[in-house]
Amino acid sequence: MESLKTDFLLDAKGLACPMPIVRTKKAMNDLQAGQVLEVQATDKGSKADIQAWANSAGHHYLGTIEEDNVLKHYLRKSSNDDSIERKHLNVTSNEALEKKLETNENIVVLDVREEAEYAFNHIPNAVSIPLGELELRLNELKADDEIYVVCRTGNRSDLAAQKLAEKGFDNVINVVPGMSAWTGKLDSLIK
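Owing to the predicted nature of the structure, the values given are computational and were not obtained by experimental measurement.

Remarks on the nonpolar core
Generally speaking, nonpolar side chains in soluble globular proteins are found buried as a group.
Logical step 1: Counting residues in hydrophobic clusters, the biggest one holds 15 residues, and the most contacted among them are Leu110, Leu134, Leu141, Ile147, Val149, Leu164 and Phe169.
Logical step 2: Residue contributions to this core peak at three residues, all from helix H5 (residues 156-166).
Logical step 3: Leaving out residues up to four positions away in the same chain, Val149 has contacts with Leu110, Val112, Ser157, Ala160, Leu164, Val172, Ile173, Asn174 and Val175.
Logical step 4: In terms of nonpolar packing, the next biggest core, distinct from the first, is built from 14 residues, Ala27, Met28, Val39 and Ile50 among them.

Here is the structure:
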């Protein structure tokens, strides 16, 4: 499998509980909000431990992939998404987007989450452009398309929708609450 783009790699191979968690906590403290950490561990219990810790600490557990007896855990550092004030006025719900997708309307779904988040699960045929790369990759989008912007909670997508509107994209819709509550079809790295 092609490796996922992450911001930091933590090698916890050969360590037993509680050391993978101890090292993960320390590594997360050194990351910026929104960055993605890959933790490599051989302790089979680390999957449940890291997932539970991430959820209790408010970080986003993306998933785990096992390769050659090494568990690769992916986590995204909390960015206090809930504290961001929404400003883009054109907003829709997950359910409304799902209905648009079911009727095969000619729309673009733009996923602005980080690459690792997108890899673990995304709306089929969604275009992946992380928020931090959006300005550099505007040429991949057409200004006259109807663009539905998604992220995990609707906050990064709000910022992306604002940016697109500033750049002349007239038909941009922020999808709230986003992937954290998406119940429609998904493409997933984990089958």
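Comments concerning the side chain of Glu146
Logical step 1: Here Glu146 shows up in the loop between strand S8 (127-128) and strand S9 (147-150).
Logical step 2: Reaching out from Glu146, the side chain makes a polar contact with the side chain of Lys100 at a distance of 3.3 Å.
Logical step 3: Beyond its immediate chain neighbours, meaning those up to four positions away, Glu146 contacts Lys100, Asn106, Ile107, Val108, Asn171 and Ile173.

Describing the environment of Pro20
Logical step 1: Relative to the helices and strands, Pro20 is located in helix H1 (residues 19-30).
Logical step 2: Residue Pro20 is classed as buried on the basis of its relative accessible area of 3%.
Logical step 3: Taking the C-alpha atoms as reference, Pro20 lies 9.3 Å from Thr42; in sequence the two are 22 residues apart.
Logical step 4: Leave out the neighbours within four places in its chain, and Pro20 touches Ala12, Leu15, Asp43 and Ser46.

Some thoughts on the pattern of salt bridges
Logical step 1: Here the structure, examined in full by the defined rule, presents 15 salt bridges.
Logical step 2: A salt bridge links Arg113 to Asp111; the nearest nitrogen and oxygen atoms lie 2.8 Å apart. In this pair, the class of Arg113 matches that of Asp111, namely buried.
Logical step 3: In this structure, Glu166 engages Lys163 in a salt bridge whose closest nitrogen and oxygen atoms are separated by 4.0 Å. Of the two residues, Glu166 and Lys163 both sit in helix H5, three residues apart, roughly one turn of that helix.
Logical step 4: Note on Glu166: relative accessible area 60%, which makes it exposed.
Logical step 5: On the basis of relative accessibility, which here comes to 27%, the residue Lys163 falls in the partly exposed class.
Logical step 6: Beyond isolated ion pairs, a larger network of salt bridges with shared partners links Lys5, Glu133, Arg137 and Glu140.

Rules used in this analysis
- Residues numbered from 1 in each chain as written.
- Predicted model: local features only at pLDDT ≥ 70, side-chain atom pairs only at ≥ 80, totals over all residues.
- Heavy atoms only, no water.
- Core = buried A, V, L, I, M, F, W, Y, C linked by side-chain atoms within 4.5 Å.
- Buried < 20%, exposed > 50% of the residue type's maximum accessible area, 1.4 Å probe, protein only.
- Helix = DSSP H or I, 4+ residues; strand = E, 2+ residues; numbered from the N terminus.
- Contact = heavy atoms within 4.5 Å.
- Polar contact = N/O pair within 3.5 Å; in protein donor to acceptor, adjacent residues only side chain to side chain.
- Salt bridge = Lys/Arg side-chain N within 4 Å of Asp/Glu carboxyl O.

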